[in-house]
Amino acid sequence: MQDLTDLYQSVILDHNRRPRNRGKLPTANRVAHGDNPSCGDQCTVYLRLDGDRIGDISFEGSGCAISQASASLMTLNLKGKTAPEAETIYAGVHELVTTGKVDEDNLSDLAALAGVHQFPARIKCATLGWHAALNALKGDPITATTETHKD
Amino acid sequence: MNPPWPNVRADFPVLHQQVNGKPLVYLDNGATSQKPRSVIDALVRYYERDNSNVHRGLHTLSMRATDAYEGARTRIANFINAADPAEIIFTRGTTESINLVARSWGHAHLKPGDVVLTTEFEHHSNLVPWQQAAKASGATLKYVPLLGADGEGGLDLAALDKLLTPQVKLFAFTHISNTLGTINPVAELCRKARAVGAVTVIDAAQSIGHIPLDVRQIGCDFLAFSGHKMCGPTGIGVLYGRRDLLDQLAPDETGGGMVVNVSYEQATWKPSPERFEAGTPNVADAIALGAACNYLDALGRDQIAAHDTALVKVAMEKLSALPGIRIIGPRVGAERSGLVSFAFANVHAHDVVTFADEDGVALRGGHHCNQPLMRKLGLTSTTRASFYLYNTEEEIDRLVASLQRIQKFFAG
Ligand SMILES: Cc1ncc(COP(=O)(O)O)c(C=O)c1O
């Protein structure tokens, strides 16, 4: 087994203890919910699209440190972005949590999620909030579940 | 608090391994128990010596397999003190057993205006089948409440008395809660249900391998359990049903082995148990389940229950001393089965399980197939430690030490 400190890096612990942009967003004009049926984790993402950019974004939900920290980091990284930019960032995150490969230019603090790839059972935790955000961006009212989406 | 049988751990090959460099501490017995050598040997012996189809062949191996399969049925009837081996139907497990009753009995007996009663702390497998049966029939599903903010008060018996009206056609409840550790007063519940003419279904998944169980003393109509939680193999379980009820019941699945006479137009059914066992049954695992009954009775089920109780008493005392822990189910000192579910305010159950695994300690984290109960208690998940006959007090100390390390890590 890999060392757990790879998974629970200080950035993760910090975001788990003090999640950023947590709570409902009163001005949201998009919302989407994600469920992970196998473990009961949940995440709701609220965002406000100003034109084609994410003006503000927040999340609510419950889950392990990995899922909470990943959602918190997500809000910081998606604010101000367009939908295609968000897709590109998520593609990098997906690569990161499944292979551990860090794209230094684009990922910044998200690199803290690199340890997840050594714990395949936790990949779904790390991607739950992102699926909800991408669905919210699509204006998709349906519930995202990690069972029906590719990680 | 060591097991009262000398060398009992030597019977379980899987226990003797290192996990992440530490000796395995297996505390996920609520999910599935480990298997003793005698059960593994029964499987191997069957496949090496007797493997054949049952009830069909007249050759020696087929007769041997049939004798062993039917012998297992008799052994299990005897294990739960059923009046007749024909009351033992082999299934895949608790889930399939409950579904069989929900579909066959539900289809024949439920209609709009009827009430199906269950409790607020059922496993999904004793809840969703009744939702489906109610939807299919137009009957209403009602829940007997659980008392206490932490579910510590058990079933609300006063509410049950109000809910048990003549409209109630069936009452399904768990014997032991897999999440709370609550032990239901099953004989009393059956008595009350019978007084209004309701049929009773007991989910015995968590009790069967842990405490003495006598279906006639309990007075239930149906009872379901899984082999894999009582030292038996996966893929085999039992539905016990009272003979007179089974004889009136239509089969849920049809095909070979369960028919008497078949024409191009129609077919007639054999009596129970064959009526409910269409197709080639799970012969090997049924025989091994018989071996599991022998194993448990050789140790003594009252002694197993006493050991569970002793372990959980120590665990409750030590766990309740941890700062910030919330234990659900019966309080310290109150009667409970050999499992404890708990939550920490600042560490999620999945993180607990991941860290405990690094220490070689196998726990379960999540909603335990009990989502509505979790919601009722204001939780999304808990961590569960569940004990069995081979666990020791030293293993509880390893659990506590691991939890202390986790708390320290997340406190930063
Ligand atoms: C109380 C209870 N009921 C039902 C089940 C379902 O058993 P199985 O999955 O073997 O069908 C379980 C097992 O998890 C259980 O603990």
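See the structure above.
These lines cover the structure that appears in this document, whether it is placed above or below.

## Thoughts on the overall build of chain A
Here is step 1: When helices and strands are tallied, chain A shows six helices and four strands.
Here is step 2: Each helix (α) and strand (β) of chain A, taken in turn from the N terminus, gives the series α-α-β-β-β-α-α-α-α-β.
Here is step 3: Long-range contacts, defined as pairs at least 24 residues apart, comprise 59% of the intrachain contacts of chain A with a sequence gap of at least 6.
Here is step 4: Carbon together with sulfur atoms contributes 50% to the accessible area of chain A, which is approximately 6400 Å² in total.

## Comments concerning unusual backbone geometry
Here is step 1: Here the amide bond leading from B:Ser272 into B:Pro273 is cis, since omega sits at 5°, within 30 degrees of zero.
Here is step 2: Tracing the sequence through the fold places B:Pro273 in the loop between strand 14 (267-269) and helix 9 (283-299).
Here is step 3: One non-glycine residue with positive phi stands out, namely A:Asn21, at about 55°.
Here is step 4: Relative to the helices and strands, A:Asn21 is located in the loop between helix 2 (10-17) and strand 1 (30-36).

## Brief notes about the site of the ligand
All names here are of chain B.
Here is step 1: Around the ligand, a shell composed of Thr94, Thr95, His123, Ser125, Thr174, Asn178, Asp203, Ala205, Gln206, Ser226, His228 and Lys229 is seen.
Here is step 2: At a separation of 3.5 Å, an oxygen atom of the ligand approaches a polar backbone atom of Thr94.
Here is step 3: Between the ligand and His228 there is a distance of 2.7 Å, counted from an oxygen atom to a side-chain nitrogen or oxygen.
Here is step 4: About the coverage of the ligand: the protein hides 83% of its 400 Å² of free accessible area.

## Details of the pattern of salt bridges
All names here are of chain B.
Here is step 1: Applying the stated criterion across every chain, the model contains 34 salt bridges over all chains.
Here is step 2: A salt bridge links Arg301 to Asp297; the nearest nitrogen and oxygen atoms lie 3.0 Å apart.
Here is step 3: One salt bridge connects Lys318 with Asp397, and the closest N-O pair in it is separated by 2.6 Å. Highlighted residues: Lys318 in helix 10 (residues 301-320) and Asp397 in helix 13 (residues 393-411), separated in sequence by 79 residues.
Here is step 4: Among the residues examined, Lys318 registers a relative accessible area of 28% and is labelled partly exposed.
Here is step 5: Assessed through its relative accessible area of 35%, Asp397 is described here as partly exposed.

Conventions adopted
- Residues numbered from 1 in each chain as written.
- Chains lettered and ligands numbered in written order.
- Predicted model: local features only at pLDDT ≥ 70, side-chain atom pairs only at ≥ 80, totals over all residues.
- Heavy atoms only, no water.
- Helix = DSSP H or I, 4+ residues; strand = E, 2+ residues; numbered from the N terminus.
- Contact = heavy atoms within 4.5 Å.
- Areas by Shrake-Rupley, 256 points an atom, 1.4 Å probe, with all protein chains shown as cover.
- Near = heavy atom within 4 Å.
- Polar contact = N/O pair within 3.5 Å; in protein donor to acceptor, adjacent residues only side chain to side chain.
- Salt bridge = Lys/Arg side-chain N within 4 Å of Asp/Glu carboxyl O.
- Buried < 20%, exposed > 50% of the residue type's maximum accessible area, 1.4 Å probe, protein only.

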